[in-house]
Amino acid sequence: MANGIYCIEGDWASKKAPGRDVRPVLDALSAWDGTPYEHHGVGTKAELEHRLDGWVRRRSFGLGYLATHGTTRTIHLGRDSLALVELGDLLEGRATGRVLFLGGCGVLTAAGTVLEEFCGRTGLGAIAGYTHQVDFIEAMAFELLVLRELGHSTRMKDAYARLNGRHEQWATQLGFRMATPTWSSPSPRRGRPPKSDA
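## What about unusual backbone geometry?
Trans peptide bonds make up most of the peptide bonds, and negative phi angles are found at most residues other than glycine. For Arg73, which is not glycine, the phi dihedral falls at a positive 55 degrees. Take Arg73: it is sitting in the loop between strand S4 (69-71) and strand S5 (74-76). Since its relative accessible area comes to 39%, Arg73 is described here as partly exposed.

## What about the sheet that holds strand S7 (residues 99-102)?
Sheet architecture is open: 6 strands sit in the order S2-S1-S3-S7-S8-S9, paired in mixed fashion. Each edge of the open sheet is held by one strand with a lone partner, namely strand S2 (37-41) and strand S9 (176-179). Across the sheet, the axes of successive neighbouring strands diverge by a mean angle of 15 degrees, strand direction being ignored. Two elements, strand S8 (residues 126-130) and S9, share 4 bridges in a ladder whose sense is antiparallel. Residue pairing across strands places Gly129 opposite Arg177, the latter belonging to S9. This element, helix H4 (residues 112-122), spans S8 and S9 of the sheet and lies at about 55 degrees to S9.

## Concerning the packing of aromatic side chains
Counted under the stated rule, the structure contains 8 aromatic pairs. Ring centres of Tyr6 and Phe61 lie 6.3 Å apart, and the angle between their planes is 80 degrees; this geometry places the pair in the edge-to-face category. Here the residue Tyr6 occupies a position in strand S1 (residues 5-9), and Phe61 occupies one in the loop between helix H2 (45-57) and strand S3 (63-67), the gap between them amounting to 55 residues. An angle of 65 degrees between the planes, with centres 5.5 Å apart, marks the rings of Tyr160 and Trp183 as edge-to-face. On the criterion of sequence distance, the pair formed by Tyr160 in helix H6 (residues 156-166) and Trp183 in the segment after S9 is long-range, its members being 23 residues apart.

## Here's the deal with empty space enclosed by the protein
For the structure shown, the criterion picks out 1 cavity of 30 Å³ or more. Of the volumes computed, that of the largest cavity is approximately 30 Å³. Every residue along the wall of the largest cavity is listed here: Tyr6, Ile8, Leu52, Trp55, Gly64, Tyr65, Leu66 and Leu100. When contributions to the lining of the largest cavity are tallied by element, the ones reaching two or more residues are S1, H2 and S3. Of the residues forming the lining of the largest cavity, the biggest block, 3 residues, is contributed by S3.

## Some remarks on the confidence of the model for the chain
Looking at the chain as a whole, its pLDDT mean stands at 91, while 91% of the residues score no less than 70. In the model, residues 191-198 has pLDDT below 50 throughout and makes 24 contacts with residues more than four positions away in sequence or in other chains.

## With respect to the environment of Tyr130
Summarising the element assignment, Tyr130 is placed in strand S8. You can call Tyr130 buried: its relative accessible area is 0%. Considered as a pair, Tyr130 and Gly103 are 27 residues apart in the sequence and their alpha carbons are 6.8 Å apart.

Calculation rules
Residues numbered from 1 in each chain as written. Predicted model: local features only at pLDDT ≥ 70, side-chain atom pairs only at ≥ 80, totals over all residues. Heavy atoms only, no water. Helix = DSSP H or I, 4+ residues; strand = E, 2+ residues; numbered from the N terminus. Buried < 20%, exposed > 50% of the residue type's maximum accessible area, 1.4 Å probe, protein only. Pairing = 2+ DSSP bridges. Axes fitted to C-alpha atoms, helices over the stretch in contact; angles between N-to-C directions. Contact = heavy atoms within 4.5 Å. Phe/Tyr/Trp six-rings, centres within 6.5 Å; stacked < 30°, edge-to-face > 60°. 1 Å grid on protein atoms, 1.4 Å probe; cavity = no way out; pocket = protein on both sides within 12 Å on 5 of 7 lines; lining within 4 Å. Points joined across faces, edges and corners; volume = space filled by probe spheres on them. pLDDT = per-residue confidence, 0-100.

As structure tokens, this is what we get:
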């Protein structure tokens with residue numbers, strides 16, 4: 001898989017966290033590993049669709065990183081929200097062999113068969129993300145490790161095993177989960193439930 005990262009970041013707009021931005025993670029990977037990246041901000045479905053079109057056109061960016069607020073099976077961009085199934089509609093048949101990491105709280109709280117079908121429908125080689133509510137700073141620290149692993153791996157099930165083996169406490173606390181068209185990891189049971197963080 002081409003290991004460039006195409007990051008689409010939602011509008012975090014919040015009085016509690018006015019300066020949220022995931023670019024420091026991308027800058028660190030670029031500086032340490034030479035990982036190329038693009039970063040784009042979105043706040044609406046139309047903007048997201050435009051940026052997803054950009055991602056599927058750039059073959060050297062095999063790893064997509066959607067950094068947004070989230071709740072159960074729902075992505076919150078800022079002004080707009082969309083269900084996981086709607087994201088599948090936008091990517092249907094266009095993301096062949098790519099990997100998508102969803103950074104929103106609780107977005108991957110779905111049956112394994114649903115996530116496998118999502119991968120099959122979109123062509124994704126794998127999807128990864130969280131089933132629990134996550135702390136922004138803890139998630140950013142973990143995502144540095146996750147994005148590095150996913151960007152340098154060809155066997156996603158093995159990548160999941162390595163991340164859980166080396167960082168089990170974080171993976172469990174954040175509810176880290178992954179699926180491919182033919183396999184899905186168990187849904188973590190412990191941790192905070194995915195209430196709204198938008």
